[in-house]
Amino acid sequence: PYALSTAANLKDVIIVDNKIPHLEHGSFDGLAKLEILMLINNHIETVSEEAFFGLEKLKVLWMTHNRLTSIHPKTFCSLINLKKLIITHSFLTRLERKTFENNKKLQQLLLNDNKISEIDPTMFDNLVELEMIKLNDNICVDRDFVESGKKINKSDLATPLQECFKNFELSG
């Protein structure tokens, strides 16, 4: 990613099929106009809490088929215009309460096909524009989250998850 720092006018960056185990602070320096970032099948295991610093215009972050097991709660804090976040087909096990605190414009959050077993029930409270959460093919989620009243489409839940959401208002 450091090679991209000379391409200040880039709006879309797609990085696929590489071996990038760690996204470090400053990985995307100089890309202030970036709106779409796709990091697909790059073997990413960890992301520095400041890896996306300076990407305030980013609207879509697509991180699928990587090896992430956790995300620091401050990793996405500078992405204030993020509308769509896709972290699927990875190994996430839990999400901290403040992970999406500054992402108030987030509309779509796809977290399917991970190993999430715990989600704080207040995690999505400040995401007033959130229209879709996909959690299918995860282990399960915190019962308090289920009872918090957040709407989720039944079709977005795998069969084991539907049991976790049985006392939950489901649409569709």
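This one's a predicted model, so the numbers in the text were calculated from it and none came from an experiment.

S.K.: Tell me what's going on with the packing of aromatic side chains, and back it up with residues and numbers.
M.R.: Per the stated rule, a full pass over the model turns up four aromatic pairs. With a centroid separation of 5.9 Å and an interplanar angle of 10°, the aromatic rings of Phe-28 and Phe-52 are classed as stacked. Here Phe-28, found in the loop between strand E2 (22-23) and strand E3 (36-40), pairs with Phe-52, found in the loop between strand E4 (46-47) and strand E5 (60-62); they are 24 residues apart in sequence, far enough to count as distant. Of the two residues examined, Phe-28 and Phe-52, each falls in the buried class. Here Phe-52 and Phe-76 contribute two aromatic rings whose centre-to-centre distance is 6.1 Å and whose plane-to-plane angle is 20°, an arrangement assigned as stacked. Residue Phe-52 is found in the loop between E4 and E5, and its partner Phe-76 is found in the loop between E5 and strand E6 (84-86); the two are separated by 24 residues along the sequence. Neither Phe-52 nor Phe-76 differs from the other in exposure class; each is buried. The structure contains a cluster of three or more aromatic residues connected by ring pairs, namely Phe-28, Phe-52, Phe-76, Phe-100 and Phe-124.

S.K.: Kindly report on the side chain of Asn-114, identifying the contributing residues and their values.
M.R.: Mapping Asn-114 onto the fold places it in the loop between strand E8 (108-110) and strand E9 (118-119). The exposure class of Asn-114 is buried, given its relative accessible area of 6%. Leaving out residues up to four positions away in the same chain, Asn-114 has contacts with Ile-87, Thr-88, His-89, Ser-90, Phe-91, Leu-92, Asp-137 and Asn-138.

S.K.: Talk me through the pattern of salt bridges; I want residue IDs and the actual numbers.
M.R.: The tally for this structure, following the rule as stated, stands at one salt bridge. In this structure, Glu-96 engages Arg-94 in a salt bridge whose closest nitrogen and oxygen atoms are separated by 3.6 Å. Using a relative accessible area of 31% as the deciding quantity, one classes Glu-96 as partly exposed. When its relative accessible area of 34% is taken as the criterion, Arg-94 is described as partly exposed.

S.K.: Can you explain the nonpolar core? Please cite residues and give values.
M.R.: Counting residues in hydrophobic clusters, the biggest one holds 38 residues, and the most contacted among them are Leu-23, Leu-37, Leu-39, Phe-52, Leu-61 and Met-63. Those elements that place two or more of their residues in this core are strand E1 (12-16) and E3. With sequence-adjacent residues up to four places away left out, Leu-23 is seen in contact with Phe-28, Leu-39, Ile-44, Thr-46, Val-47, Ser-48, Ala-51, Phe-52 and Met-63.

Rules used in this analysis
- Residues numbered from 1 in each chain as written.
- Predicted model: local features only at pLDDT ≥ 70, side-chain atom pairs only at ≥ 80, totals over all residues.
- Heavy atoms only, no water.
- Phe/Tyr/Trp six-rings, centres within 6.5 Å; stacked < 30°, edge-to-face > 60°.
- Helix = DSSP H or I, 4+ residues; strand = E, 2+ residues; numbered from the N terminus.
- Buried < 20%, exposed > 50% of the residue type's maximum accessible area, 1.4 Å probe, protein only.
- Contact = heavy atoms within 4.5 Å.
- Salt bridge = Lys/Arg side-chain N within 4 Å of Asp/Glu carboxyl O.
- Core = buried A, V, L, I, M, F, W, Y, C linked by side-chain atoms within 4.5 Å.

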